[in-house]
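Survey of secondary and tertiary structure
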Amino acid sequence: MKRWLECPNCGLGFDRADSPCQRGCPLGRWCDLACCPACGHEFAAPPRWWQWWRRVRRHSPVGQPTGAVCHLGDLQEGETTELVCVNTANEHRRHSLAVYGLVPGCELTLQQKRPAYVIRIGETELALEHAIATELLVRRRSAI
Amino acid sequence: MSTTITATSARERPVILVGNPNVGKSVLFTKLTGKFVIISNYPGTTVEIARGQCGEFHVLDTPGLNDLTPATDDARVTCAVLREHADAVLVQVADAKNLRRALVLTQQLAALGRPMVLVVNMLDELDQCGGKLDVRRLSELLSIPVVPTIATANTGIHLLKQQLEHARVPMLPATDTRDLPALWRRANDIVAQCYRLTRPHRATVAQKLGWWATQPGRGWILAAAVLAVMFWFVGLLGAGVAVDLLESGLFGRHLNPLAIRVVDALLPFPHEHQREVNEVTLKLPLTPTHGVTVWESTREVVSTEHESVGPEHWTRWDHARRLAHDFLVGPYGQITMALSYALAIVLPIVTSFFLLFSVLEDSGYLPRLAVMVNRLMRRMGLNGKAVLPMILGLGCDTMAAMTTRILETRKERVVTTLLLALAVPCSAQLGVLLAMLTRISFAAALFWVGLITGVCVVVGWLAARLHGGAGSDFIMELPPMRRPQWDNVIAKTLARLKWYLWEVVPLFMAGTAVLFGLHELGWLERMAAWTEPLVTGWLGLPRETAAAFLIGFLRRDYGAVYLLDAATGPAAVLTAHQVLVAMVTITLFMPCVATLFMIHRELGWRTAAAIALFVFPFAFFMGGVVHHVGGWLGL
């Protein structure tokens, strides 16, 4: 089940599993810290019971909060979105994507998902494999 | 500080063409220097530096690169050239449709502090997209000359030659050239001031084809259609009809008898040539076994085989003349075998393949095929990009071994090169194999295709695991689909044919000379006897085919042509089962000596030796397995 968090620094809504500090950390889900994939700000994630209570009191939405990020794979083919960040620790990969214009804030259109992802950034049509596409965190157009 | 370099100092400087991949640098190079280089519609066509002269300027064409921290070997070549020629004028070539990306590279090049000219190429395609570019404004913003061109139509080339003397160092605010987001932001700012691009409302046929080519259902249908066209054009028309016309019609009926008459007149000795029936058929092939016959003719002609008359009374000179006669027009003669194989069999096959391949290259289909096969290639420890050198290997494995430079890691280069050496037949061999396919059943043909694909996957998978090291990400730019330009297709085909024939004819002549020598010394029979346990025992092939494998060491297509003659020629000795075994063995052979040298040059002698030591025994091993298992399966 997704656990939605909101970065107190930049206001980005994201799933706890997308926190970059989750990867390779021996503490895993027992750690209460989260890291924003967009700005890198580290903050204490509110406990589950507190989130549950806020939902009961309707202080926070039940599902995905408005403005929350999702994976590229969650989009429908043909949808246009804004790239929030490339959620990877692999600097080389981040760089390889950046030379094609895949930098935070760029607008991209998902053209197809299978057999490989094909996206359009400006005038460039780019094919990516599934593993890379899932690292692209985007914000839906309706949420922009 | 902007400086316009003077005419005298500029004329002493080299000019380097740089730019993103697939923006038309090589077309521009050809137009500037008049020197032909291979041009295609996919990133990574140029992997080496090409040099030429434009007036008094020394022009260098470089492989494309996206930024100055290169990831691949070909881009490293460009960076090395930029370092080496510190005084060079840089001509950055940009795709007018993708100016934003070019400007990121412009900013990085500006930081080098060299005089520059920006060429905005493919302006016609920008017009078709409904785009507009204010060239003067762009020139003001970058403070360098900007030249709009349509290189393929020769538009703007003259202006570029003039502007080379006015190259200036760009005046752009200093930034960290590794901070790509900042570079993109500034590129966006510049583009906003001088560039407008309106997306067309309706997609063109080429765009639709481009989308279909990467979709799961339609993409495979398109791939199957491309394969079918290739089989018909290369296997049936090139290797069937054209080879028949040239081999039986031109060589068998005219050139060989003429050469025999001339040599008989020049080198007389008591002998009598046998005569044979020569059949020539011109038909339009529909399937491997059916076709519409347009014209056919049968005639009796002089054969290369001859009977000596009274050899016991011959003088020493008679023997010498017989030797020279046989060296030229005997069964292993330079004209009747070497030239006949090279020009009547290999040439039409290679021509038909290169013609079709050039069309495919220029259409922009190949990168889309890479998208389709990426998952399969992942199983071999590679990624979809590796399919580009492998498809190029269907043209010539030697060229393809060099093109593996577009792959990012050494592991990928080694595994791709191994697969090229092992299981990717070159165009000459492919045509011969497709012609041999007509001799076996459909099930056996499927078995052959499946086996070679299976060998590729298993050997690739094992090699990737044994080699270790990391693979690279599959991030591939898809160029727009374009209608191929016929003048470029023909020029490219001719250039490749010239390259190929320069390599093939001397090797074929050397191979025939070796065979002739072995035959005259009686060693061919002896060697056939030595290899009998392997060829007859293990592979189950007739003794005569031993020579095919012997010369297959020199060039595997030469060996394949020899086998084709044994399978479909006038004196066919192979059964359908033996044809299958021979096909598998010769497909898995090392391509040729030239490929081995190229692997040595690209990856070092240890890797080249390891690949050769693996490939030859493995080919015989698989051939034997097919003989025994295929016999049991009843193929």
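Residues numbered from 1 in each chain as written. Chains lettered and ligands numbered in written order. Predicted model: local features only at pLDDT ≥ 70, side-chain atom pairs only at ≥ 80, totals over all residues. Heavy atoms only, no water.

Examining the interface of chain B and chain A
Quick reminder of the rule: Throughout, a residue-residue contact means that at least one pair of heavy atoms, one from each residue, lies within 4.5 Å. Accessible area that two parts lose when put together, with a 1.4 Å probe and added across both, is what the buried area reports. Any Lys or Arg side-chain nitrogen found within 4 Å of a carboxyl oxygen on Asp or Glu counts as a salt bridge. Under the rule applied, a polar contact is a pair of N or O atoms within 3.5 Å (in protein, one hydrogen donor and one hydrogen acceptor; residues adjacent in sequence only if both atoms are side-chain atoms).
At the interface, 32 residues of chain B touch 27 residues of chain A. Together chain B and chain A conceal approximately 2600 Å² of surface at their shared face, both sides included; 53% is due to carbon and sulfur atoms. On the chain B side of the interface with chain A, the three residues burying the most area are W184, D473 and I475 of chain B, jointly 22% of the side's total. For the pair chain B and chain A, the number of links is four salt bridges. Residue E129 of chain A is joined to R378 of chain B by a salt bridge in which the shortest nitrogen-to-oxygen separation is 2.5 Å. If you look at where chain B meets chain A, you find 12 residue pairs in polar contact (both at pLDDT 80 or more).

Thoughts on the packing of helix α11 (residues 316-329) of chain B against helix α19 (residues 486-521) of chain B
Residue and element names in this part refer to chain B. Our working definition: Here the axes come from fitting lines to C-alpha atoms, over the contacting stretch only for helices, and the angles between their N-to-C directions go from 0 to 180 degrees. Only DSSP runs of H or I covering at least 4 residues are called helices, and only runs of E covering at least 2 are called strands; the numbering of each starts at the N terminus. Oblique is the label for any angle not under 35 degrees, not over 145, and not in the 65 to 115 range, which are roughly parallel, roughly antiparallel and roughly perpendicular in turn. Crossing handedness is defined as follows: a turn of the near helix away from the far one that is anticlockwise and smaller than a right angle gives a left-handed crossing, while the clockwise case is right-handed. Residue polarity follows a fixed list, in which Ala, Val, Leu, Ile, Met, Phe, Trp, Tyr, Cys and Pro are nonpolar, Asp, Glu, Lys and Arg are charged, and the others, Gly among them, are polar.
For the pair α11 and α19, the least separation of the axes is 10 Å and the interaxial angle reads 140 degrees. Comparing their axes, α19 and α11 come out oblique. Two packed elements cross with a definite hand, and for α11 against α19 that hand is right-handed. Between α11 and α19, the contacting residues are R322, L323, D326 and F327 on the first element and A513, F516 and E520 on the second. Taken together, the residues of the contact of α11 with α19 break down into four nonpolar, no polar and three charged.

Quick notes on the sheet that holds strand β5 (residues 69-71) of chain A
Using the following cut-off: Criterion used throughout: strands pair if DSSP finds at least two bridges between them.
Strand order in this open sheet of seven strands is β5(A)-β10(A)-β6(A)-β7(A)-β8(A)-β9(A)-β11(B), and the pairing throughout is antiparallel. In the strand order of this sheet, the two ends are held by β5 of chain A together with β11 (475-477) of chain B, each with one partner. Direction aside, the axes of adjacent strands within the sheet are offset by 40 degrees on average. As paired strands, strand β9 (residues 124-128) of chain A and β11 of chain B are joined by three bridges and run antiparallel to one another. Bridged to A127 of chain A within β11 of chain B is M476 of chain B.

Section: the side chain of N121 of chain B
Residues and elements named next belong to chain B. Within the secondary structure, N121 sits in strand β5 (residues 116-121). Polar side-chain contacts of N121 include one of 3.1 Å to the backbone oxygen of V23. When near neighbours in sequence (up to four residues on either side) are disregarded, N121 contacts V23, G24, V93, A94, D95, A96, T149, I150 and A151.

Description of the nonpolar core
The test is simple: Residues enter a nonpolar core if they are buried and are Ala, Val, Leu, Ile, Met, Phe, Trp, Tyr or Cys, with the set joined through side-chain atoms within 4.5 Å. Type-normalised accessible area, obtained with a 1.4 Å probe on protein chains alone, sets the label of each residue: buried when under 20%, exposed when over 50%, and partly exposed for intermediate values.
By size, the foremost hydrophobic cluster in this structure holds 128 residues, and its most contacted members are M436, Y500, L515, F549, Y562 and L588 of chain B. In terms of residues, this core owes the most to one element, helix α12 (residues 334-363) of chain B, which gives 12 residues. For F549 of chain B, the contacting residues outside a window of four places in its chain are V535, L539, L541, L563, T585, I586, F589 and F620 of chain B. Of all hydrophobic cores here, the second largest spans 60 residues; its members include A133 of chain A together with L60, L133 and I475 of chain B.

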